[in-house]
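The chain contents come next:
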Amino acid sequence: MEANEAQELQEHAEHAEHDRMLRPVALTMTVLAVLVAVVTVLGHRTHTEVVLDQDKATDKWGEYQAQKTRSYNTTLSIDLMKVLTISDKEAAKKNVEGYRQHQEKWAEETKEDMAEAVALENEVKLAEARADRFDFGEALLEIGLVITSITLLTHKRIYWFVGLGFSVVGIVAAVLGVLLK
């Protein structure tokens, strides 16, 4: 065997050794890319949930405000009927009694609307907290993926370990987002 051939075989062996060292890194990068995609989708869906829940809460607060306005206007009508000279006192009393029944109904409905609106706002806060965790997890997973990819350029495993560290923290953040109820 010539010296040339021996050197070439040695170079092939070294190259094969580098390829074996980089396979786990490439596999890690593939898994991280999939995790980034999953966490991104979870984050986007959670942000959509926030917007929809906020819209529902706003609608409920609008209903509450409309009930309060009707109740106030009815109170004004009752007060006005008390001070005006009315020819048909019985009809006026009947109207006032009808207004009072509406007032009682509206008082109950406004309490329910307020409770529903507050509950919806609490759902919004919870969904926002979940979305924040998904966003944080996504960012850390992306950082981990980029740092891990530096291993392919430098052939230094320290970047792989640092990338794995960021990725683990990102996974924990995303899991906390899923578990937050």
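My aim in this report is to walk through the structure given alongside it, one point at a time.

Reading guide: rules and limits
- Residues numbered from 1 in each chain as written.
- Predicted model: local features only at pLDDT ≥ 70, side-chain atom pairs only at ≥ 80, totals over all residues.
- Heavy atoms only, no water.
- Core = buried A, V, L, I, M, F, W, Y, C linked by side-chain atoms within 4.5 Å.
- Buried < 20%, exposed > 50% of the residue type's maximum accessible area, 1.4 Å probe, protein only.
- Helix = DSSP H or I, 4+ residues; strand = E, 2+ residues; numbered from the N terminus.
- Contact = heavy atoms within 4.5 Å.
- Phe/Tyr/Trp six-rings, centres within 6.5 Å; stacked < 30°, edge-to-face > 60°.
- Patch = residues over 30% accessible without salt bridge, like charges linked within 9 Å, V, L, I, M, F, W, Y side chains within 5 Å.
- Areas by Shrake-Rupley, 256 points an atom, 1.4 Å probe, with all protein chains shown as cover.
- Salt bridge = Lys/Arg side-chain N within 4 Å of Asp/Glu carboxyl O.

### Considering the nonpolar core
Listed in full, the 6 residues of the largest apolar core are L32, V36, V39, F134, L141 and A174. Only helix 1 (3–83) and helix 2 (89–154) provide two or more residues apiece to this core. With 3 residues, helix 1 is the largest single contributor of residues to this core. With near-sequence residues (within four places) excluded, A174 lies in contact with V39, R133, F134 and G137.

### Thoughts on the side chain of D113
Here D113 is to be found in helix 2. You can call D113 buried: its relative accessible area is 7%. Residues contacting D113, with those up to four places away along its chain left out, are K60, E63, Y64 and Q67.

### Side note on the packing of aromatic side chains
As enumerated under the stated definition, the model contains 2 aromatic pairs in all. Seen in terms of ring centroids, W160 and F161 are 5.4 Å apart; in terms of plane orientation they differ by 35°. Their pairing is tilted. Of the residues examined, F161 reaches a relative accessible area of 48% and is grouped as partly exposed.

### Concerning a nonpolar patch on the surface
A cluster of nonpolar side chains, V34, V38, L42, V168, I171, V172, V175, L176, V178 and L179, forms an exposed patch at the surface whose accessible area comes to about 800 Å². The leading source of residues in the nonpolar patch is helix 3 (residues 157–179), at 7 residues. Relative to the elements of secondary structure, V175 occurs in helix 3.

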